[in-house]
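Each chain, written out:
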Amino acid sequence: MTSAGRLDALTSWRADWKGLRVAVLGLASTGFSVADTLAELGADVLVVTETAAEEYARLVPVIGARLWEGSLADVPRELVDFAPEVVVASPGFPPAHPVVAWARETGVPLWGDIELAWRVRDKVLRPDGTPAEWVFVTGTNGKTTTTRLTATMLVEGGLRAAPCGNIGVPILDAVRDPAGFDVLVVELSSHQLWYLGLHDGPGSPSPHAAVCLNLADDHLLWHGSFEAYRDAKAVVYRGTKAAAVYNKADGATMRMVEDAEVVEGARAIGFDLGVPGPSDLGIVDGILVDRAFLEERRTSALELTTVAALAERGLSAPHIVANILAAAALARSLDVEPAAIRSALEGFRLDPHRIEVVGRAGGVTWVDDSKATNPHAAASSLGAYPGAVWIVGGQLKGVDIGALVAQRGPGSRAAIVIGVERGEVVAAFARHAPAVPVFEVDHTETESVMTRAVELAAGIARSGDVVLLAPAAASFDQFTGYDDRGSRFAAAVRARIEGGAPDEHDDDATPEGV
């Protein structure tokens, strides 16, 4: 059998994987889960990585795989000599990476962890002898919240469900969990979807339901263009069996569904914050309703919850309500009752650093939305808190911030710009919002950035104001991640409040250049 023919036949845990030569790129949590799975299947595994945490490097020989560690600026001779029959790449490896480019040029099939997991999803079966259903969640923003919401609703509805994928738990760990699941809710990054998009045939996933929540500029350096990013996101709908859920307020997601190759009988299900039509979820007089998953959907609707009830739990920001509607659509496609959805929402809490109130003092509310790592997410935050003192800046990832500043900047009380490269943000305010006071945090030490930002904000904010950390940028120029950035902001807020610093104007806070 040819190599290609053998790979086409590998669509079950019980298939013959023995001796298959597989190169695994990367050795973080995803890469190790891939290597561990393949070694358990009996494949011949070579792990290739630039760096590896000691815990993973030590375990590679234990599981029966080999490790090559070194520079990947060029394709290692050891990899070429290994002559892999397939390469499984961790999602951090972009299309332009030398090893990825080598595999494509030489015709070696490239998989991601999602494709491998789909092929071996029958390791643990449900009582009826079938593998767990999969639900796919992607979008520029809101993926993790929607994935958690969906899994929570499914569990409340009596199903064994787990969030996995890009959310932190590698999907191969979920697939191999001996307890088994009825449904896996899989958060997918555009990177994982790019790898999925390389193949459409045996081994391609066919989810029960899928959603792309929204689409905006992000990860353009990784993909090379917005068009390539969009095309990767669109792969989420391919092969959908029951419900292709899309955002009616985002025309790009609607077009993705229209163009998708889905299983015959799959329905397009819309959601937004307006009054829903048949086959939609939306809001009527402050009530979240389902007009998609009921027999009399042309004349009736099912109540899910109310905006007022969500407000009591800190879940009423418009973009969070949209996420709730999307998650409800996914859950309803699996027959979860409205009462279970209401009950799930009663106990649901957002993850840290997602429009999280971290302090109140002197009439000023301090909000940490450090997870707003791109302009689209920051726009949602600013829409929820109009007139805020806006802390903004960081690594822009090739995205132009000008449109966001033009849209939301003029309504801001002031802007406090952080980040190593602040010039583009400051210039955007000068061009699009010249009347807004702009302050630069020129401190370069991680330990002092947020202390100074909070000091400046406290000198600007008045009673009734909100100070909002919504950077619209990645964090790695000054922090270890968005969580580190948010935690340092919250700590600086608490230190100022507990220290009793007065909330009055700081005479030393002078706008920089505008």
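That block above? That's the structure.
Being a predicted model, the structure only gives us computed values, none of them experimental.

Asker: Please provide a residue-by-residue account of empty space enclosed by the protein, values included.
Answerer: One pass over the structure, following the stated rule, counts two cavities of 30 Å³ or more. Together, Arg121, Val124, Pro131, Ala132, Trp134, Ala174, Val175, Gly180, Phe181 and Leu184 line the largest cavity. Residue composition of the lining of the largest cavity, grouped by class: eight nonpolar, one polar and one charged. By volume, the second largest cavity amounts to about 40 Å³. Along its surface, the second largest cavity is lined by Phe136, Leu196, Pro205, Val235 and Arg238. Looking at the lining of the second largest cavity residue by residue, the class counts come to four nonpolar, no polar and one charged.

Asker: Outline helix α18 (residues 423-432), listing residues and values.
Answerer: Helical periodicity: at 3.6 residues per turn, an α-helix aligns residues three or four positions apart in one direction. Within the span of α18, buried status applies to Val425, Val426, Ala428 and Phe429. Viewed along the axis of α18, the buried residues span an arc of 155°, placing them on a single side of the element. Opposite its buried face, α18 presents the exposed residues Gly423 and Arg431, each directed more than 90 degrees away. Those residues of α18 that are buried are in contact with β17 (389-392), α17 (402-408), β18 (414-417) and β19 (438-440).

Asker: So, the packing of helix α7 (residues 143-156) against helix α14 (residues 318-332): which residues are in play, and what are the values?
Answerer: Viewed as axis vectors pointing N to C, α7 and α14 meet at an angle of 45°, and their least axial separation amounts to 8 Å. Judged on the interaxial angle alone, α14 and α7 are oblique. For the element pair α7 and α14, the recorded crossing hand is right-handed. From α7, Thr145, Thr146, Leu149, Thr150, Met153 and Leu154 reach across to α14, where they touch Asn323, Ile324, Ala326, Ala327, Ala328, Leu330 and Ala331. Counted by class, the contact of α7 with α14 contains nine nonpolar, four polar and no charged residues.

Conventions used here
- Along each chain, numbering runs from 1 in the same order as the chain's sequence is written.
- Reporting of local features is limited, given that this is a predicted model, to residues whose pLDDT is at least 70; pairs of side-chain atoms are given and counted only at 80 or more, and all residues count toward the totals for whole chains, interfaces and linings.
- Note: side-chain values were computed over all heavy atoms of the structure, leaving out hydrogens and water.
- Definitions used throughout: a 1 Å grid over protein atoms alone; a cavity as a set of points that fits a 1.4 Å probe which cannot get out; a pocket as an open set with protein on both sides within 12 Å along at least five of seven lines; a lining residue as one with an atom within 4 Å of a point.
- Grid points are joined across faces, edges and corners, and a volume is the space filled by probe spheres set on the points.
- Three categories are distinguished: nonpolar for Ala, Val, Leu, Ile, Met, Phe, Trp, Tyr, Cys and Pro, charged for Asp, Glu, Lys and Arg, and polar for the others, with Gly belonging to the last.
- Whether a residue is buried, partly exposed or exposed follows from its accessible area with a 1.4 Å probe, protein chains only, as a fraction of its type maximum: under 20%, in between, or over 50%, in that order.
- Note on conventions: DSSP H or I runs of at least 4 residues are helices, E runs of at least 2 residues are strands, and numbering of each starts at the N terminus.
- By definition, the arc is the one covered by directions from the helix axis to the C-beta atoms.
- Should any heavy atoms of two residues lie within 4.5 Å, those residues are counted as being in contact.
- Fitting a line to C-alpha atoms yields each axis, with helices limited to the stretch in contact; the angle taken between N-to-C directions then spans 0 to 180 degrees.
- Comment on the angle field: the value is read as roughly parallel under 35 degrees, roughly antiparallel over 145, roughly perpendicular from 65 to 115, and oblique elsewhere.
- By definition, turning the near helix anticlockwise from the far helix through less than a right angle yields a left-handed crossing, and turning it clockwise yields a right-handed one.

Take it as geometry only, folks, not as evidence of what the structure does.
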